[in-house]
Amino acid sequence: MSVSSGEVVRGEVVTLVTADVCEVELPSGGWRVSAGHVGDGTAVIVAETDEALDGSFEVSLELPADFPTGDAWIGIENWDYSTCADAGSCAGPSTVFTVVAA
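It should be emphasised that the depicted structure is a prediction, and the values quoted were computed from it without experimental measurement.

1. Remarks on the overall build of the protein
So, step 1. The secondary structure content of the protein amounts to 0 helices and 8 strands.
So, step 2. Order of helices (α) and strands (β) in the protein, N terminus to C terminus: β-β-β-β-β-β-β-β.
So, step 3. Entry remark: accessible area of the protein is about 5800 Å², with carbon and sulfur atoms responsible for 46%.

See below:
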């Protein structure tokens, strides 16, 4: 997972993308993509999507004008870890970016 830009201005759009193909079942209601400030586990914004993880996954979220500046995270909240091998790495599908004031 990556973001379209490593630095995003408050009030503008951050886009979560991946070219990876992942054969996982779409959860009921779709994927919950959320973003928040690093150090705070609470999502500031959340969107739902039925985008497939077929190599063209792309979801955009508009940051509120009062989104905290500094390090931020974005990722898929409702990822099913139950299919992950015990011996393998199954890191959550997320990444970080920096939020700056306009």
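Here the narrative resumes.
2. Quick notes on the pairing of strand S6 (residues 57–62)
So, step 1. Only one face of S6 is buried: it carries Phe-57, Val-59 and Leu-61, and the other face, with Glu-58, Ser-60 and Glu-62, is open.
So, step 2. Bridging between strand S3 (residues 13–18) and S6 involves 6 bridges; their strand directions are antiparallel. Within the sheet, the bridge partner assigned to Thr-15 lies in S6 and is Ser-60.

3. Digging into the nonpolar core
So, step 1. Counting residues in each nonpolar core, the largest one holds 21 residues, and the members touching the most others are Val-14, Val-33, Phe-57, Leu-61, Leu-63, Ile-74 and Phe-97.
So, step 2. Elements with a minimum of two residues in this core: S3, strand S4 (31–37), strand S5 (45–49), S6, strand S7 (70–76) and strand S8 (94–100).

4. Quick notes on the sheet that holds S5
So, step 1. Overall, mixed pairing links the 5 strands, which are arranged S2-S8-S7-S4-S5 in an open sheet. Each edge of the sheet is formed by a strand with only one pairing partner; in this case those strands are strand S2 (7–9) and S5. Looking at each pair of strands side by side, their axes are set apart by 30° on average, direction ignored.
So, step 2. Sheet topology note: the S7/S8 ladder contains 6 bridges and is antiparallel.

5. A short note on the pairing of S4
So, step 1. Among the 7 residues that make up S4, 5 are buried, leaving the element largely enclosed by the rest of the structure.
So, step 2. Across 5 bridges, S4 lies against S5 in antiparallel orientation. Within S5, the position partnered with Ala-35 by the bridge is Ile-45.
So, step 3. The pairing of S4 with S7 spans 5 bridges and is classified as antiparallel. Following the sheet pairing, His-37 is matched in S7 by Ala-72.

6. Things to note about the environment of Leu-63
So, step 1. Structurally, Leu-63 can be placed in the loop between S6 and S7.
So, step 2. Leu-63 sits 28 residues away from Ala-35 along the chain, and the two C-alpha atoms are 8.6 Å apart.
So, step 3. Sequence-distant contacts of Leu-63, defined by excluding residues within four places in its chain, comprise Val-8, Val-9, Arg-10, Gly-11, Glu-12, Val-14, Ile-45, Phe-97 and Val-99.

7. Some details on the environment of Pro-93
So, step 1. Relative to the assigned elements, Pro-93 resides in the loop between S7 and S8.
So, step 2. The buried category is assigned to Pro-93, whose relative accessible area is 8%.
So, step 3. Spatially, the C-alpha atoms of Pro-93 and Ile-74 are 8.7 Å apart, while their sequence positions differ by 19 residues.

Rules behind the numbers
- Residues numbered from 1 in each chain as written.
- Predicted model: local features only at pLDDT ≥ 70, side-chain atom pairs only at ≥ 80, totals over all residues.
- Heavy atoms only, no water.
- Helix = DSSP H or I, 4+ residues; strand = E, 2+ residues; numbered from the N terminus.
- Areas by Shrake-Rupley, 256 points an atom, 1.4 Å probe, with all protein chains shown as cover.
- Buried < 20%, exposed > 50% of the residue type's maximum accessible area, 1.4 Å probe, protein only.
- Pairing = 2+ DSSP bridges.
- Core = buried A, V, L, I, M, F, W, Y, C linked by side-chain atoms within 4.5 Å.
- Axes fitted to C-alpha atoms, helices over the stretch in contact; angles between N-to-C directions.
- Contact = heavy atoms within 4.5 Å.

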